[in-house]
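Chain residues, written in single-letter form:
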Amino acid sequence: MDEQLSQKFSHLITSATGLCIRPQDLKAMQEKVLLRMKALRFSHPEQYYQHLLAYQAGMGLTLSKGENEWQRLIALLTTGESYFFRDQGQFRLLREQLLPDLIRQRSQETRLAALRPQLKIWSAGCSTGEEVYSLAILVSELIPDRTNWNISILGTDINAEAIEKAQKGIFGPWSFRTFNPSTQPQYFHPQRENWQVDEELRQMVTFRTGNLVQDPLPNLALGLSNIDLIVCRNVFIYFDTATIALILEKFSQTLRVSGCLITGHAELHNQKPELLVSKLYAESVVYQRRDSRTQPSLPTPEQPALFPSLPSFLSTPPLPTSSLSSLPKTPAIPAAAPPPPASNPLEPVEKLFAQKDYGQVIAIGQSLLTQTPASLALFLLLARSHANLGNHEQAKTYCQQGIALNSLSAEPYYLLAQIAQEEGHFEEAKRFLKQVIYLTPNRIMAYVDLGLLYEQEGDRNRAKKMQQTAIEQLQRLPTEAQVDEGRNVTVGELLQNLQTMLRNNS
């Protein structure tokens with residue numbers, strides 16, 4: 001496919017779906033376009049382009065099953081991973097503070113009028129539904145008398161295949177990897193090797209296809225108005241700045257006053273939505289809809305920031321879902337005051353990182369994101385701080401933001417590789433380490449780590465090759481020099497260890 005036609009596909013996909021095809025995504029987009037073109041037996045990509053163009057007008061909620069080629073392409077372009085209670089910090093915040101506050105407000109508002117209280121939640125970009133059912137579980141625990149309430153929990157996604165799976169409510173073991181096995185039977189029942197969502201829980205939720213860019217919002221007919229809580233996580237990473245602003249304006253108009261929006265970490269770092277006020281918590285930034293007739297009530301920066309004590313990056317086990325209820329309620333953290341002017345605006349944050357005060361790094365760093373242009377250095381400081389606190393999902397999001405800013409930097413890929421190893425995702429770790437080596441061929445520890453992964457798999461030939469390459473690079477350095485990556489080991493010590501390993505594998 002030539003460059004001109006590739007750009008035509010990119011512009012068409014963006015205009016129809018809002019998905020931003022970055023330069024580094026073009027090759028993957030071309031492969032997926034060619035895959036669908038061959039499936040339809042088109043002899044030239046231009047024919048497939050015209051086919052998509054003919055159905056572009058049907059990209060909204062009314063798309064019929066007979067005109068679903070766009071949905072097939074979208075399924076390839078937006079394949080994402082989801083699992084129950086993903087990002088447990090944000091779910092802890094929902095469980096302990098945000099949802100109880102919303103429930104209390106709605107109950108008080110209707111008590112005097114003798115009306116049934118109402119709670120409306122929307123998971124926008126819900127993928128295969130794990131997030132929606134996780135929200136339903138929280139609501140069922142927090143509102144035991146929910147038969148006296150009008151509760152609406154809606155999940156939408158542009159991927160029709162994902163919505164179809166969500167509606168079935170059948171999930172494999174991998175979707176439960178952070179779910180407490182002892183409480184799983186309360187909400188699911190086994191179906192062969194999978195688990196089926198209990199009917200009572202399924203009755204609480206609704207799923208629909210939806211296009212955040214093209215669909216009109218608010219939408220009274222679909223119940224998308226006066227929403228109490230919108231959860232839209234790991235969705236904005238697919239959009240450019242202008243499209244994000246458009247969707248935020250729609251969300252602002254769809255939320256009721258005092259309603260909340262939760263997004264993925266750092267996804268809105270350059271956005272300043274007029275009707276949304278940001279509130280900073282230890283677990284996440286939350287955006288609250290204010291009354292357009294009033295000025296925003298911002299947090300007071302003079303109050304001290306409070307952060308929970310969390311274990312280190314290398315020793316943090318997954319948090320069981322059942323333990324959410326036992327966690328202490330986390331007070332809202334005021335927005336941190338910006339650091340004093342300096343030749344390097346990140347210098348105060350870097351000093352805090354060196355002192356291992358990761359909570360303050362996150363507080364000040366998130367504040368800087370709203371005040372200064374985004375930088376790779378700041379994204380990496382935030383990613384490393386979250387990683388050291390065991391908040392892997394937040395760390396991965398900041399790494400992806402860094403890659404979007406500078407796809408030629410090896411640093412975010414290396415941190416992603418470390419996190420993948422910690423989580424036991426070894427194939428993913430190898431892929432990231434290979435990317436690091438491609439970008440920085442002299443990255444010694446990338447060869448060392450990749451060699452250890454190969455050795456763990458029993459692939460001694462590849463392990464030996466990685467170790468030999470690392471040794472060759474180490475031999476060019478002073479033996480007393482310190483090796484990078486915070487390993488607290490000298491060149492001489494590492495060289496000796498690798499040579500011993502190489503002899504043992506010979």
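Residues numbered from 1 in each chain as written. Predicted model: local features only at pLDDT ≥ 70, side-chain atom pairs only at ≥ 80, totals over all residues. Heavy atoms only, no water.

**Quick notes on unusual backbone geometry**
Here is step 1: For the bond running from Leu217 to Pro218, omega is -5°, close enough to zero to count as cis.
Here is step 2: Note on placement: Pro218 falls in the loop between β6 (205-209) and β7 (227-232).
Here is step 3: Unlike most non-glycine residues, Ser127 shows phi in positive territory, near 55°.
Here is step 4: Position of Ser127 relative to the elements: it lies in the loop between β1 (118-124) and α6 (130-142).
Here is step 5: Of note in the backbone geometry, Asn226 takes a positive phi value of approximately 50° without being a glycine.
Here is step 6: Tracing the backbone through its elements, the reader meets Asn226 in the loop between β6 and β7. (Helix = DSSP H or I, 4+ residues; strand = E, 2+ residues; numbered from the N terminus.)

**Digging into the sheet that holds strand β3 (residues 170-171)**
Here is step 1: Strand order in the open sheet formed by three strands is β3-β5-β4, and the pairing between neighbours is antiparallel. Pairing within the sheet leaves two strands with one partner each, and these edge strands are β3 and β4 (188-191).
Here is step 2: Here β3 runs beside strand β5 (residues 194-197); their pairing, made up of two bridges, is antiparallel. The residue bridging Ile170 from the neighbouring strand is Gln196, located in β5. (Pairing = 2+ DSSP bridges.)

**Description of the sheet that holds β1**
Here is step 1: In space, the seven strands of this open sheet follow the order β6-β2-β1-β7-β8-β10-β9, with mixed pairing throughout. Where the open sheet ends on each side, the last strands, each with one partner, are β6 and β9 (276-280). Between one strand axis and the next, the sheet turns by 20° as a mean value, whatever way the strands run.
Here is step 2: Bridge count between β1 and strand β2 (residues 150-157): seven bridges; the pairing is parallel. Within β2, the residue paired with Ala124 across the bridge is Thr156.
Here is step 3: Along the sheet, helix α5 (residues 88-111) makes contact with β1, β7, β8 (255-263) and β10 (285-289), crossing β8 at roughly 170°. (Axes fitted to C-alpha atoms, helices over the stretch in contact; angles between N-to-C directions. Contact = heavy atoms within 4.5 Å.)

**Brief notes about the side chain of His425**
Here is step 1: For His425, the location among the structural elements is in the loop between α15 (411-423) and α16 (426-439).
Here is step 2: Filtering out sequence-adjacent residues up to four positions away, His425 remains in contact with Trp174 and Ala420.

**Considerations on helix α13 (residues 376-388)**
Here is step 1: With 13 residues, α13 should reach 18 Å at 1.5 Å per residue; the first-to-last C-alpha distance of 18 Å fits that figure.
Here is step 2: Here α13 lies mainly inside the structure; ten of its 13 residues are buried.
Here is step 3: Turning to α13, its buried residues number three or more, namely Leu376, Leu378, Phe379, Leu380, Leu381, Leu382, Ala383, Ser385, His386 and Ala387.
Here is step 4: Elements that come into contact with the buried residues of α13 comprise α11 (347-354), α12 (358-371), α14 (392-405) and α15.
Here is step 5: Among the residues trailing α13, Gly390 stands out with phi positive, at a value near 85°. (Expected span 1.5 Å × (residues − 1). Buried < 20%, exposed > 50% of the residue type's maximum accessible area, 1.4 Å probe, protein only.)

**Focus on the packing of aromatic side chains**
Here is step 1: If you walk through the whole model with that rule in mind, you get 20 aromatic pairs.
Here is step 2: When the centroid spacing of 6.1 Å and the interplanar angle of 85° are considered together, the rings of Phe84 and Phe179 count as edge-to-face. Of this pair, Phe84 sits in the loop between α4 (69-77) and α5 while Phe179 is found in the loop between β3 and α8 (184-187), placing the two residues 95 residues apart along the sequence. The residues Phe84 and Phe179 share a single accessibility class, namely buried.
Here is step 3: Both rings, one in Phe176 and one in Phe179, keep their centres 5.9 Å apart while their planes meet at 75°; by these two values the pair is edge-to-face.
Here is step 4: Through pairs of rings, three or more aromatic residues link up here, namely Phe84, Phe85, Phe91, Tyr133, Phe171, Phe176, Phe179, Phe188, Trp195 and Phe207.
Here is step 5: The side chain of Arg443 reaches across the aromatic face of Tyr414, ending 4.7 Å from its centre. (Phe/Tyr/Trp six-rings, centres within 6.5 Å; stacked < 30°, edge-to-face > 60°. Lys NZ or Arg CZ within 6 Å of the ring centre and 35° of its normal.)

**Points about the pairing of β2**
Here is step 1: The parallel pair β1 and β2, bridged by α6, forms a crossover whose chirality is right-handed.
Here is step 2: Here β2 pairs with β6 via five bridges, running parallel. Looking across to β6, one finds that Ile153 is bridged to Val205. (Right-handed = clockwise from strand over helix to strand, strands pointing away.)

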